[in-house]
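# Structural description and commentary
One letter stands for each residue in the lines below.
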Amino acid sequence: MSLLSVESLDVSYGNVQAVWDVSFRVEAGEILTLVGANGAGKTTLLKTVAGLLAPRRGRILFDGRDLVDRPAHTRTSDGLVLVPEARQLWPGMTVLENLEMGAWGKRARAESARTLAEVFAMFPVLEERHAQKAGTLSGGEQQMCAIGRGLMARPRLLLLDEPALGLSPRLVREVFASLSAIRKAGVTVLLVEQNVAHALALADHACVLETGRVTLAGRAQDLAGDPRVREEFLGVSGV
Amino acid sequence: MQQALDVVVNSFLAAGLYATMAYGLAVIYGVMRIINLAHAGIMMLGAYTTFTLFTHFSIDPFLSIVVVVPLFFAGGVALYRTVVRRLPRSGSTPSMESLLLLFGVWLVLQNLAYVLWSGDTQSILTSYTLKSVSLLGVRVGVPSLGVFGMSALSLLVLEFVLHRTYLGKAIRAVTQNRDAALLSGVDADRISAVAFGVGTAFAGLAGTLLSTLFAFTPDFGRSFLLKAFCIIVLGGLESVTGVAAGAFVLALLENVTAAYTAVPTSLQDALSFTLLVVTLVVLPQGLPGLSRLAHVRRRG
Ligand SMILES: Nc1ncnc2c1ncn2[C@@H]1O[C@H](COP(=O)(O)OP(=O)(O)O)[C@@H](O)[C@H]1O
Ligand SMILES: [Mg+2]
């Protein structure tokens with residue numbers, strides 16, 4: 001059984017439909033990446049899986065259980081955690097408070113001291129800056145804080161919405177390295193990225209989303225060699 | 001010189017009460033993006049509750065706080081659970097529905113007060129109501145000192161709760177970014193109920209404190225609601241310190257005007273309204289915006 005199974009999802013904003021009949025599965029232990037251009041519906045899809053938006057139609061099965069009627073905050077305690085687009089930290093709270101609040105659920109809070117040590121080991125800069133207001137961090141540090149906060153919830157499935165957006169190449173590499181470490185620690189990852197080359201190199205499977213529809217899906221390796229992907233996203237034409 | 005000292009001391013004393021009054025409005029707006037137009041009615045109800053406890057059970061007004069605060073907290077939670085939570089969520093600005101609903105609640109509370117206590121002007125006269133002491137050479141009424149002490153205490157407790165407890169941090173988290181709070185597993189609906197309870201309790205407390213200083217009728221509270229708006233616009237929602245600073249600026253303005261100009265005190269409401277408008281035009285981010293501006297200047 002897949003850890004996450006999204007079936008025939010339709011999502012609309014008022015009368016404007018943004019996601020059309022989308023289905024995909026994420027297997028336990030893997031990294032699946034969802035790639036697509038700006039406005040393709042990636043954020044909408046992740047928000048729906050996380051419970052911030054309600055789908056018009058379709059099912060979201062997490063560990064075999066339908067989540068559609070579960071409010072967002074309970075999905076987090078179930079182990080499905082979204083690191084949202086544009087980080088969404090609490091700017092007026094310290095780095096440490098941001099991380100602590102990530103471990104809000106009962107299960108996560110019980111283990112928060114140990115998780116915090118793991119997060120600090122992964123991102124030492126967060127320990128250095130633990131007493132600083134999150135709003136005063138640099139972009140890369142904010143992203144690490146956002147990922148750290150997500151990890152504090154002790155996710156089984158971590159959803160990340162463009163974690164590399166706006167970061168320098170060196171920081172992008174650092175963030176991607178942390179994602180591999182997270183997977184090694186046993187967390188399944190669903191990664192949304194516009195940085196397609198990096199994402200396909202990291203992921204096991206991939207889906208391409210275009211104007212709200214899945215147009216290609218398969219092994220990441222195969223997609224990286226697919227002429228349509230190469231032309232559309234990797235800047236290689238003519239093959 | 002003595003007059004200047006008078007002004008400063010009186011502004012300080014008034015600021016404590018103003019901050020308590022404004023915080024009730026700030027916490028509800030911060031967490032829910034709802035303007036609690038019933039705030040004035042709740043303050044009025046707080047005053048009458050204290051009045052009834054005093055006249056029927058001879059409970060000292062300051063002691064009545066131990067009844068008023070839990071009672072109003074529970075009332076606020078109940079009001080949230082029964083009606084406020086059913087309002088459509090409207091993103092970042094207060095919806096028309098919420099304004100109408102809470103304005104309606106205010107009218108209901110006023111009429112309830114007319115039925116229960118009639119429209120007569122009431123006041124609370126204790127053994128210390130007219131006593132005063134000397135503070136830095138300034139004559140200060142004993143009730144004013146008591147009001148300041150209770151306000152300061154309540155704001156200190158609040159500051160502690162907001163920064164040192166999980167519940168307080170959750171209130172700040174929902175205020176700063178509601179979606180992020182949900183994604184971290186915080187039940188924002190539960191936190192909203194708590195915040196509405198806290199906001200109502202603070203309004204009730206402010207009413208109790210006001211009742212030791214002023215006479216009141218069921219229409220009581222309106223001008224204090226205006227002051228509270230003004231303070232929030234000045235002080236922002238992010239911190240208790242901001243609210244306290246806004247409260248002090250307003251109190252100072254009122255006292256300076258009363259001491260040094262011929263503006264009659266009947267125009268005090270116009271004064272807070274002017275300050276509100278001027279702040280919105282000149283300093284839309286309030287006092288915190290001022291410090292941010294200074295910060296940028298120093299850097300640049
Ligand atoms: N809050 C919103 N209200 C209305 N339309 C929206 C909203 N958010 C996104 N959309 C629309 O939904 C589509 C998908 O957006 P989004 O999910 O943000 O795409 P992506 O994350 O892939 O860039 C876009 O056409 C966008 O304009
Ligand atoms: Mg997006």
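That block above? That's the structure.
Attention here is on the structure that accompanies the text. The residue count restarts for each chain, going from 1 along the sequence in the order it is written. Chain letters and ligand numbers both follow the written order, the letters beginning at A and the numbers at 1. Reporting in this predicted model follows two pLDDT cut-offs: at least 70 for local features of residues, and 80 or more for side-chain atom pairs to be given and counted; totals over whole chains, interfaces and linings ignore these cut-offs and use all residues. The basis for every side-chain value is the complete set of heavy atoms in the structure, and neither hydrogens nor water enter the calculation.

## Some thoughts on the overall build of chain A
The cut-off we apply is this: Only DSSP runs of H or I with at least four residues qualify as helices, and only runs of E with at least two residues qualify as strands; both kinds are numbered from the N terminus onward. Throughout, radius of gyration means the C-alpha value; the globule benchmark is 2.2 Å times the number of residues raised to the power 0.38. Contact definition: two residues touch when any of their heavy atoms are within 4.5 Å. Each accessible area value is a Shrake-Rupley result obtained with a 1.4 Å probe; residue values ignore everything except the protein chains displayed when judging cover.
The secondary structure content of chain A amounts to 11 helices and 10 strands. Against the 2.2 N^0.38 benchmark of 18 Å for 239 residues, chain A shows a C-alpha radius of gyration of 17 Å, consistent with a compact globule. By principal-axis analysis of the C-alpha atoms, chain A measures approximately 50 × 40 × 35 Å. Counting only contacts in chain A whose residues sit at least 6 apart along the sequence, the fraction spanning at least 24 positions is 66%. Carbon and sulfur atoms form 50% of the exposed surface of chain A, whose accessible area is close to 10200 Å².

## Quick look at the overall build of chain B
Tallying secondary structure elements over chain B gives 12 helices and 2 strands in all. Secondary structure elements in chain B, listed N-terminal to C-terminal, are α-α-α-α-β-β-α-α-α-α-α-α-α-α. A globule of 300 residues ought to have a C-alpha radius of gyration of about 19 Å, and chain B, at 19 Å, matches this closely. By its C-alpha atoms, chain B is 55 × 55 × 35 Å across when sized along the principal axes. Across chain B, contacts joining residues at least 24 apart in sequence account for 77% of those joining residues at least 6 apart. Just so you have it, chain B exposes about 13600 Å², and 69% of that area is on carbon and sulfur atoms.

## Structural notes on the pairing of strand β1 (residues 132-135) of chain B
Residues and elements named next belong to chain B. To keep things clear, this is the line we draw: When DSSP finds two or more bridges between two strands, those strands count as paired.
Of the strand pairs in this sheet, β1 and strand β2 (residues 138-141) are connected by 4 bridges, and their pairing is antiparallel. Within the sheet, the bridge partner assigned to L135 lies in β2 and is V138. Joining the antiparallel neighbours β1 and β2 is a turn of 2 residues, in which L136 adopts a positive phi near 55 degrees.

## Brief notes about the coordination of the magnesium ion (ligand 2)
Residues and elements named next belong to chain A. Filter applied, for reference: Coordination shells were defined by N, O and S atoms within 2.8 Å of each metal, extended to 3.2 Å for Na, K and Ca; water is absent from the atom set, which can make sites look incomplete. Think of it in three bands: with a 1.4 Å probe and only protein chains considered, a residue is buried below 20% of the maximum accessible area for its type, exposed above 50%, and partly exposed in between.
Each protein donor to the magnesium ion (ligand 2) is listed here as T43 (OG1) and E85 (OE); together their distances run 2.0 to 2.4 Å. Residue T43 is found in helix α1 (residues 42-50), and its partner E85 is found in the loop between β6 (80-83) and α3 (95-102); the two are separated by 42 residues along the sequence. The class of E85 is partly exposed, set by a relative accessible area of 28%.

## Concerning the interface of chain A and chain B
Interface size is commonly expressed as the accessible area that is lost once the parts come together. To keep things clear, this is the line we draw: Buried area adds together the accessible area that both of two parts lose upon being put together, with accessible area traced by a 1.4 Å probe. Should a side-chain nitrogen of Lys or Arg be within 4 Å of a carboxyl oxygen of Asp or Glu, the pair is scored as a salt bridge. Counting of polar contacts relies on pairs of N or O atoms within 3.5 Å, with two restrictions inside protein: one atom must be capable of donating a hydrogen and the other of accepting it, and residues adjacent in sequence are counted only when both atoms are side-chain atoms. Each residue gets one label: Ala, Val, Leu, Ile, Met, Phe, Trp, Tyr, Cys and Pro are nonpolar, Asp, Glu, Lys and Arg are charged, and the others, such as Gly, are polar.
Taken residue by residue, the interface counts 21 residues in chain A and 17 residues in chain B. The junction of chain A with chain B conceals about 1900 Å² of combined surface from both sides, 61% of it contributed by carbon and sulfur atoms. Here chain A and chain B share 2 salt bridges between them. In this assembly, chain A and chain B are joined by 8 residue pairs in polar contact (both at pLDDT 80 or more). Listing elements by their share of the side of chain A that touches chain B, those giving two or more residues are α2 (72-78) and α3 of chain A. A total of 4 residues in the side of chain A that touches chain B trace back to one element, the largest contributor, which is α3 of chain A. For the side of chain A that touches chain B, a count of residues per class yields 11 nonpolar, 6 polar and 4 charged.

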